[in-house]
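Coordinate analysis (summary)
Single-letter residue listing:
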Amino acid sequence: MEKKVRVRFAPSPTGGLHLGGVRTALFNYLFAKQNNGTFILRVEDTDQNRFVAGAEEYIVSCLEWCGIMPDESPQLGGEFGPYRQSERKSSYKQYADQLIADGYAYYAFDTPEELDAKRKEAPNFLYGQATRMQMRNSLTLPQAEVQALLDQNTPYVVRIKMPEDEQVSFIDLIRGLVSFDTNLVDDKVLLKADGMPTYHLAVVADDKAMQITHAFRGEEWLPSAPIHILLWRYLGWEGQMPQWVHLPLILKPDGNGKLSKRDGDRLGFPVYAQSWKDPKTEDVTRGFKELGFMPEAFVNLLAMLGWNDGTDQEIFTLDELVERFSLDRVSKAGAKFDYEKAKWYNHEWIKRSPSERLLPFVKEAFEGESIPITDADMLLNVIGLVKDRCNLISDFPTQSGYFFVSPKEYDLAAVKPKWTPEKAAFFESYLPLIDSGSAIELEDKFKALAAEKGFKPGELMLPLRIMLVGGKFGPGVFDIAVLLGKTETVARIKHAVDAFNLN
């Protein structure tokens, strides 16, 4: 019987969640849901030096915003917990001890100072086959001395003993056959001096304990694969090893190297899912959410970074992604991140979303700009009128704030050169014709009066727009007037005519 699919997203709680990390979570989620499997969140917090308070809660919040919540996690629990590696600390030493007993690992007693001295002697120093016999470890010291050091609680780490002249090969579900020469891999630390495992030991032990069937992770972890495969073999678990899936990198816009937070800062776009506040420096790095992206659009654009379904379709709901996702359509090559394309996805989602779906996001954006919203129905109508003009949720206050707050200033430069007393008189004559009719009716009356007064309608439309909005933007001007209502439209025209005449 085929094993039930179990996948895990295993971030470290060290800061903001990079969009590459969210994509890894997304591909895990899609694969699990497509196969009626289980999606697990496991927090890899074994590096206590890099642990940041609040980062785990932030990760959970990001996944929740994206709509890709796990089935098992530190918050939800599950039968394979605990789901924080720090809470599994006691389970790892037995595996390190087993590896030492079987000759696959060894104690290393080298002090930080001794290692630094070696690195100064040899700038490209690697602790491995070529150097391990020159160091203070259980391979070079007499057994009695090793035991004495252990009895005295001398600090040590446990290192894997990489074999010589072997090829470690495995099938990656994206890349096919991948092989590594063990002579090029150093003896990585498995257990640190504080008793915490490194990623290498913990990921293998936890994947085994949690019965993970498919291990999705970024391409940058490929060099670690031979270590992990050997650990599965050395611990006697090779038959239970998950299938490997190394995802392509998300690249800088120019394609040269992996996209980093520094690149986002430099080029003016976010790389984190949500804003992250560093608890030490209190620096805030803005995320896609706060910049005005819809979660549906963010998930959609991430899915298309390195995957497509073989058609020209670009807009997918999460349910459609679950249905269409397949590993054979994931590219081996890295995917360039294009912020303009990201905004296009968001624009498409804003356009296609019902106003009711957009309402809570837009309301929050207005509140952020201190624009009071007292009429939710009015806002719904406004959203329907202007959403085609918005790339980001944060564009709504700019594109439609005038519906709720009268213009404080006018684009006088666009009006004054051609403003005449006759135009002022035209608008005075138009005021009594404004009623609570439709946009078409208001426009017909406007054009008829213009013809009567000897004006072309085009000469008067721009001044009317600026009277109602303040500038040269917005949807149809008579649609604006209808939404504002008769009283507000009349008041704004009167006020603007006075302002134009004064200036």
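These figures come from a predicted structure and were not determined experimentally.

**Notes on the overall build of the protein**
When its secondary structure is counted, the protein shows 21 helices and 13 strands. On C-alpha atoms alone, the protein measures out to a radius of gyration of 32 Å, which is more than a quarter above the 23 Å that the 2.2 N^0.38 rule sets for 503 residues. Buried residues in the protein amount to 52% of all 503 residues. Taking the contacts inside the protein whose residues are at least 6 apart along the sequence as the reference set, 72% of them involve residues at least 24 apart. Counting only carbon and sulfur atoms, one obtains 49% of the accessible surface of the protein, whose full area is about 23,500 Å². Within the protein, one finds 59 positive and 72 negative side-chain charges whose respective centroids are separated by 3 Å.

**Description of the pattern of salt bridges**
Considering all chains together, one arrives at 32 salt bridges under this definition. For Glu220, the salt bridge goes to Lys258, with nearest N and O atoms at 3.1 Å. You can see Glu220 sitting in the loop between strand E8 (214-218) and helix H7 (225-234) and its partner Lys258 sitting in the loop between strand E10 (250-251) and helix H8 (261-267), a full 38 residues away along the chain. Here Lys258 falls in the partly exposed class, since its relative accessible area comes to 42%. With a closest N to O distance of 3.1 Å, Glu443 and Lys447 form a salt bridge. Placement of the pair is Glu443 and Lys447 together in helix H18 (residues 439-453), with a separation of 4 residues, close to one helical turn.

**Some points on the pairing of strand E3 (residues 105-108)**
Neither face of E3 is exposed, since Ala105 and Tyr107 on one face and Tyr106 and Ala108 on the opposite face are all buried. The sheet contact formed by E3 and strand E4 (residues 157-160) spans 4 bridges and is antiparallel. What sits directly across from Tyr107, in E4, is Val158.

**Here's the deal with helix H3 (residues 93-101)**
Those residues of H3 that sit buried are Tyr95, Ala96, Leu99 and Ile100. For H3, the angular spread of buried residues about the axis comes to 140°, placing them on one side. The elements touched by buried residues of H3 are E3, E4, strand E7 (189-191), helix H6 (199-209) and H7. At the C-terminal side of H3, Gly103 shows a positive phi close to 85°.

**Thoughts on the pairing of strand E9 (residues 243-247)**
Along E9, 4 of the 5 residues are buried, which leaves the element largely enclosed by surrounding structure. Here E8 runs beside E9; their pairing, made up of 5 bridges, is parallel. Residue pairing for E9: Gly218 is matched across the bridge by Leu247. Between the parallel pair E8 and E9, the chain is carried across by H7, and the sense of this crossover is right-handed.

**Details of a nonpolar patch on the surface**
Together, Ile171, Leu173 and Leu177 make up a nonpolar patch on the protein surface, roughly 280 Å² of accessible area in all. You can see Leu177 is positioned in strand E6 (residues 176-181). On the accessibility criterion, Leu177 (59% relative accessible area) is exposed.

**Section: the packing of helix H13 (residues 355-368) against helix H14 (residues 376-386)**
Each packed pair of helices is defined by two parameters, the angle between the axes and the distance between the axes. Their axes nearest at 9 Å, the elements H13 and H14 cross at an angle of 105°. Considered as vectors, H13 and H14 are oriented roughly perpendicular to each other. Of the residues in H14, those touching H13 at Ser355, Glu356, Leu358, Leu359, Val362, Lys363 and Phe366 are Ala376, Leu379, Leu380, Ile383 and Gly384.

**Re unusual backbone geometry**
Here the residue pair Gly81 and Pro82 is connected by a cis peptide bond, since its omega of 0° sits within 30 degrees of zero. Within the fold, Pro82 resides in the loop between helix H2 (55-66) and H3. In this structure, Glu282 takes a positive phi of about 65° despite not being glycine. Position of Glu282 relative to the elements: it lies in the loop between strand E11 (276-277) and strand E12 (284-285).

**Brief notes about the sheet that holds E3**
The strands making up a sheet associate through backbone hydrogen bonding, with each pair oriented either parallel or antiparallel. The antiparallel open sheet is built from 3 strands, whose spatial order is E3-E4-E7. The open sheet has two edge strands, E3 and E7, and neither has a second partner. Each adjacent strand pair in this sheet contributes to an overall mean axis angle of 45°, direction not counted. The pairing of E4 with E7 spans 2 bridges and is classified as antiparallel. Directly across from Val158, in E7, lies its bridge partner Leu191.

**A short note on the side chain of Asn137**
As for its position among the elements, Asn137 is in the loop between helix H4 (112-121) and helix H5 (143-151). Overall, the relative accessible area of 0% leaves Asn137 in the buried class. Engagement of the side chain of Asn137 in a polar contact is seen with the side chain of Tyr127, the distance being 3.0 Å. Apart from residues lying up to four places away in sequence, Asn137 is in contact with Tyr106, Tyr107, Ala108, Phe109, Tyr127 and Arg132.

**Details of the nonpolar core**
Counting residues in hydrophobic clusters, the biggest one holds 117 residues, and the most contacted among them are Leu19, Phe298, Phe337, Phe396, Phe403 and Phe427. The element contributing the most residues to this core is helix H1 (residues 19-34), with 9 residues. If you look at the next biggest cluster of nonpolar residues, it comprises 41 residues, including Tyr95, Val168, Ile227 and Ile229.

**Some remarks on the environment of Pro270**
With respect to the helices and strands, Pro270 occurs in the loop between H8 and E11. Since its relative accessible area comes to 5%, Pro270 is described here as buried. Sequence separation of Pro270 and Phe288 is 18 residues, and the distance between their C-alpha atoms is 5.9 Å. Those residues in contact with Pro270 that sit more than four places away from it in its chain are Leu19, Arg286, Gly287, Phe288, Leu291 and Tyr339.

Reading the values: rules and limits
Residues numbered from 1 in each chain as written. Predicted model: local features only at pLDDT ≥ 70, side-chain atom pairs only at ≥ 80, totals over all residues. Heavy atoms only, no water. Helix = DSSP H or I, 4+ residues; strand = E, 2+ residues; numbered from the N terminus. Rg over C-alpha atoms; globule rule 2.2 N^0.38 Å. Buried < 20%, exposed > 50% of the residue type's maximum accessible area, 1.4 Å probe, protein only. Contact = heavy atoms within 4.5 Å. Areas by Shrake-Rupley, 256 points an atom, 1.4 Å probe, with all protein chains shown as cover. Lys, Arg positive; Asp, Glu negative; His and termini not counted. Charge placed at Lys NZ, Arg CZ, Asp CG, Glu CD. Salt bridge = Lys/Arg side-chain N within 4 Å of Asp/Glu carboxyl O. Pairing = 2+ DSSP bridges. Arc of directions from axis to C-beta. Right-handed = clockwise from strand over helix to strand, strands pointing away. Patch = residues over 30% accessible without salt bridge, like charges linked within 9 Å, V, L, I, M, F, W, Y side chains within 5 Å. Axes fitted to C-alpha atoms, helices over the stretch in contact; angles between N-to-C directions. Parallel < 35°, antiparallel > 145°, perpendicular 65-115°, else oblique. Polar contact = N/O pair within 3.5 Å; in protein donor to acceptor, adjacent residues only side chain to side chain. Core = buried A, V, L, I, M, F, W, Y, C linked by side-chain atoms within 4.5 Å.

So far we have only geometry, and geometry alone does not tell us how the molecule works.
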